[in-house]
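Secondary and tertiary structure notes
Chain residues, written in single-letter form:
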Amino acid sequence: MLQDLLSEDNVSFHYPAETWEDVIRHGGQLMVDAGFTEPTYIEAMVEVVREMGPYIVLAPGLAMPHARPEMGVKQVGTALVTLEKPVDFGSPENDPVSVALFLCAPNKDEHIQLLTDIATLFEDEEFLDAAANFESIEDVQEFLSEHLEDAY
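So, here's what we can say about the structure. Residue indices begin from 1 for each chain and proceed along its sequence in written order. Given that this is a predicted model, residues contribute local features only at a pLDDT of at least 70 and side-chain atom pairs are listed and counted only at 80 or more, while totals for whole chains, interfaces and linings are drawn from all residues. The basis for every side-chain value is the complete set of heavy atoms in the structure, and neither hydrogens nor water enter the calculation.

The next thing to look at is the overall build of the protein. Helices and strands together make up the secondary structure of the protein, namely six helices and five strands. Only runs of H or I of at least four residues qualify as helices and only runs of E of at least two qualify as strands under DSSP, and these elements are numbered from the N terminus. Counted from the first residue to the last, the protein has its helices and strands arranged as α-β-α-α-β-β-β-β-α-α-α. The globule rule is 2.2 Å times the number of residues to the power 0.38, and the radius of gyration it is compared with is taken over C-alpha atoms. The globule rule puts the C-alpha radius of gyration for 152 residues at 15 Å, and the 14 Å found for the protein is close to it. In terms of overall dimensions, the protein has a C-alpha envelope of 35 × 30 × 25 Å along the principal axes.

As structure tokens, this is what we get:
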């Protein structure tokens, strides 16, 4: 599912973010521009981190920004942002973040399938290093096809 959702329009390489908010706003705008969410979803993702802390930093160097479906999700979607330099999100165990994989889903079933793919990636020890070197959507798609197909 993940490789079907990522395209040139919702992937950003070596983004020069200064703060975790920059990262979330940039990736959120990619999802808005792709038609996955309303602009309200961007602010909802920022508020989630402000209110609940950096729980979205799920593994060393990897964040998964998201918010509740009712906050502006139009359809299942994702965005990938790799950072020019790592950014602290406030997670002592997993900072700094160098890759953010965003998600949104309008219902539980699609949400679970997308989370399954993302969890598979985050468990893959090669993903963080590979993502830091992605230069094109073709690089992303090649990695996903090699690493996610083995998971099923």
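Moving on, we get to the packing of helix 2 (residues 20–33) against helix 3 (residues 40–52). Axes here refer to lines fitted to C-alpha atoms; in helices the fit is confined to the stretch in contact. Angles between the N-to-C directions go from 0 to 180 degrees. Their axes nearest at 8 Å, the elements helix 2 and helix 3 cross at an angle of 150°. In this view, helix 2 runs roughly antiparallel relative to helix 3, as classed from their interaxial angle. Where helix 2 crosses over helix 3, the two elements pack in a sense that is right-handed. Every residue of helix 3 that contacts helix 2 at Trp20, Glu21, Ile24, Arg25, Gly28, Gln29, Met31 and Val32 is listed here: Tyr41, Ile42, Glu43, Met45, Val46, Val49 and Arg50. A class-by-class count of the residues in the contact of helix 2 with helix 3 yields nine nonpolar, two polar and four charged. Small angles under 35 degrees read as roughly parallel and large ones over 145 as roughly antiparallel, with 65 to 115 read as roughly perpendicular and the rest as oblique. Rotating anticlockwise by less than a right angle from the far helix to the near helix defines a left-handed crossing, while the corresponding clockwise rotation defines a right-handed one. Any two residues whose heavy atoms approach within 4.5 Å at even a single point are treated as in contact. Each residue receives one of three labels: charged for Asp, Glu, Lys and Arg, nonpolar for Ala, Val, Leu, Ile, Met, Phe, Trp, Tyr, Cys and Pro, and polar for the others, Gly being one of them.

One can find His66 in the loop between strand 3 (62–63) and strand 4 (77–87). Here Tyr55 takes part through its side chain, which lies 3.3 Å from a polar atom of the side chain of His66. Nitrogen and oxygen atoms within 3.5 Å of one another constitute a polar contact, given that in protein one can donate a hydrogen and the other can accept it, and given that sequence-neighbouring residues count only through two side-chain atoms. Engagement of the side chain of His66 in a polar contact is seen with the backbone oxygen of Met64, the distance being 2.7 Å. Not counting the four nearest positions on each side in its chain, His66 is found in contact with Tyr41, Met45, Val48, Tyr55, Ile56 and Leu103.

What follows is about the sheet that holds strand 1 (residues 11–15). When DSSP locates at least two bridges between a pair of strands, those strands are taken to pair. Taken in spatial order, the five strands line up as 1-4-5-3-2 in an open sheet, and their pairing is mixed. Each end of this open sheet is capped by a strand with a single partner; those strands are strand 1 and strand 2 (57–59). Relative to strand 5 (residues 97–104), strand 3 runs parallel, the two being bridged by two bridges. Pairing of Leu62 across the sheet is with Val99, part of strand 5. Contacting strand 1, strand 4 and strand 5, helix 2 crosses the sheet at an angle of about 150° to strand 4.

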